[in-house]
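# Survey of secondary and tertiary structure
Read off the chains here:
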Amino acid sequence: MYKVFVNEKKLLLSKQSENLEKTLGYENVTTLEIALDLLENTSVSELNVYGENIDEIWTEFQHLFRIIEAAGGIVSNGIGEVLFIKRLGKWDLPKGKMEKGESREESAIREIEEETGLKEVELVKFINTTYHIYVERNGEKILKCTHWFEMNFNGEDTSKPQIEEGITEVAWKNDTQIDREVFPNTFKNIKLILKEFWSNRTK
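Scope of this entry: the structure provided in the associated data block. Remember, it's a predicted structure, so these values are computed and weren't measured experimentally.

## Concerning the pattern of salt bridges
In total, this model carries 10 salt bridges according to the counting rule given. For E114, the salt bridge is made with R110, and the minimal N-O distance between the two is 3.2 Å. Of this pair, E114 and R110 both sit in helix α3 (residues 104-116), four residues apart, roughly one helical turn. Using a relative accessible area of 37% as the deciding quantity, one classes E114 as partly exposed. Exposure remark for R110: the relative accessible area of 15% places this residue in the buried category. For the salt bridge of K173 with E181, the shortest nitrogen-to-oxygen distance reads 2.5 Å. According to the relative accessible area criterion, K173 is buried, its value standing at 7%. When its relative accessible area of 35% is taken as the criterion, E181 is described as partly exposed. Linked through salt bridges whose partners overlap, the residues forming this network are E99, E102, R110, E111 and E114.

## Brief notes about α3
Look at α3: 18 Å from first C-alpha to last across 13 residues, which is about the 18 Å you get at 1.5 Å a residue. Every buried residue of α3 is accounted for by S107, A108, R110, E111, I112, E115 and T116. Each element contacted by the buried residues of α3 is listed here: β5 (66-76), β6 (82-87), β8 (95-97), β10 (141-152) and β11 (167-173). G117 occupies a position one or two residues after α3 and carries a positive phi of about 80°.

## Focus: the packing of helix α1 (residues 29-41) against helix α2 (residues 54-62)
As a packed pair, α1 and α2 sit with axes 10 Å apart at the nearest point and diverge in direction by 60°. Between α1 and α2 lies a crossing whose hand is right-handed. Across from V29, L32 and L36 in α1, the residues of α2 making contact are I57, E60 and F61. Broken down by class, the residue content of the contact of α1 with α2 amounts to five nonpolar, no polar and one charged.

## Topic: the side chain of E111
Mapped onto the elements of the fold, E111 is located in helix α3. For E111, a relative accessible area of 9% gives the class buried. In this structure the side chain of E111 is engaged in a polar contact, spanning 3.0 Å, whose partner is the side chain of R110. Excluding residues within four positions of it along the chain, E111 makes contact with A71, K95, G96 and K97.

## Side note on unusual backbone geometry
Its identity as a non-glycine residue notwithstanding, L88 has a phi of 55°, on the positive side. In this fold, L88 is placed in the loop between β6 and β7 (90-92). In the Ramachandran plot, E120 falls in the positive-phi region, its phi being about 60° despite a non-glycine side chain. Along the chain, the position of E120 falls in the loop between α3 and β9 (122-135).

## Side note on the packing of aromatic side chains
Taken as a whole and assessed by the stated rule, the structure comprises eight aromatic pairs. Aromatic pair W58 and F61: ring centres 5.6 Å apart, planes at 20°, arrangement stacked. In this pair, W58 and F61 both sit in helix α2, three residues apart, roughly one turn of the helix. Taking the centre distance of 5.0 Å and the plane angle of 55° together, the rings of F61 and F65 count as tilted. Residues F61 and F65 agree in their burial class; the two are buried. An aromatic cluster of at least three residues, connected via ring pairs, comprises Y2, W58, F61, F65 and Y131. Note that K90 overlies the ring of F187, its terminal NZ or CZ placed 5.3 Å from the centroid.

About the thresholds
- Residues numbered from 1 in each chain as written.
- Predicted model: local features only at pLDDT ≥ 70, side-chain atom pairs only at ≥ 80, totals over all residues.
- Heavy atoms only, no water.
- Salt bridge = Lys/Arg side-chain N within 4 Å of Asp/Glu carboxyl O.
- Helix = DSSP H or I, 4+ residues; strand = E, 2+ residues; numbered from the N terminus.
- Buried < 20%, exposed > 50% of the residue type's maximum accessible area, 1.4 Å probe, protein only.
- Expected span 1.5 Å × (residues − 1).
- Contact = heavy atoms within 4.5 Å.
- Axes fitted to C-alpha atoms, helices over the stretch in contact; angles between N-to-C directions.
- Left-handed = near helix turned anticlockwise from the far one by under 90°.
- Nonpolar A, V, L, I, M, F, W, Y, C, P; charged D, E, K, R; others polar.
- Polar contact = N/O pair within 3.5 Å; in protein donor to acceptor, adjacent residues only side chain to side chain.
- Phe/Tyr/Trp six-rings, centres within 6.5 Å; stacked < 30°, edge-to-face > 60°.
- Lys NZ or Arg CZ within 6 Å of the ring centre and 35° of its normal.

So yeah, pure geometry; function would need other evidence.
Following this line, the structure appears as structure tokens:
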């Protein structure tokens, strides 16, 4: 099963039909094009494309886009707070595009250190990958795949925003602040990965 966000609307690719606002049985790549058109140009807010061969569907879907890979992390400190950045007025987790020759892990650590000013962030484990679609100014459609890692930080707090990347604030937030301040003003992918992180943390 794959969850992809299109303008903050959910596209779910799955083996079985799911109970969403609209469902389409997969026939060929045209099914995917129709699904994207509905999400981009109508009031449909969530859509499910389903078919037995989910790997084939996912491969066909990827072929519709230029793929950009990114990496980032959920960084926790010694008292369980999580590190956030604010960019374009929204709360976000530190992340960025992978550079040529980098591993996902190397990229995640580099991006976090660049965007937040922290040093010696400790990588714990991979959480999951999130997907969202956007359109470049030249009209090219991009599928951005962001690989997320759980991380710890116990050093001296040298956090400061990377202004040249449009980041205006770096802040540690506890669970209550995340619920009250971050969730009402962030992206659905960020909510998704935070909830997965929380569910794993309590196991």
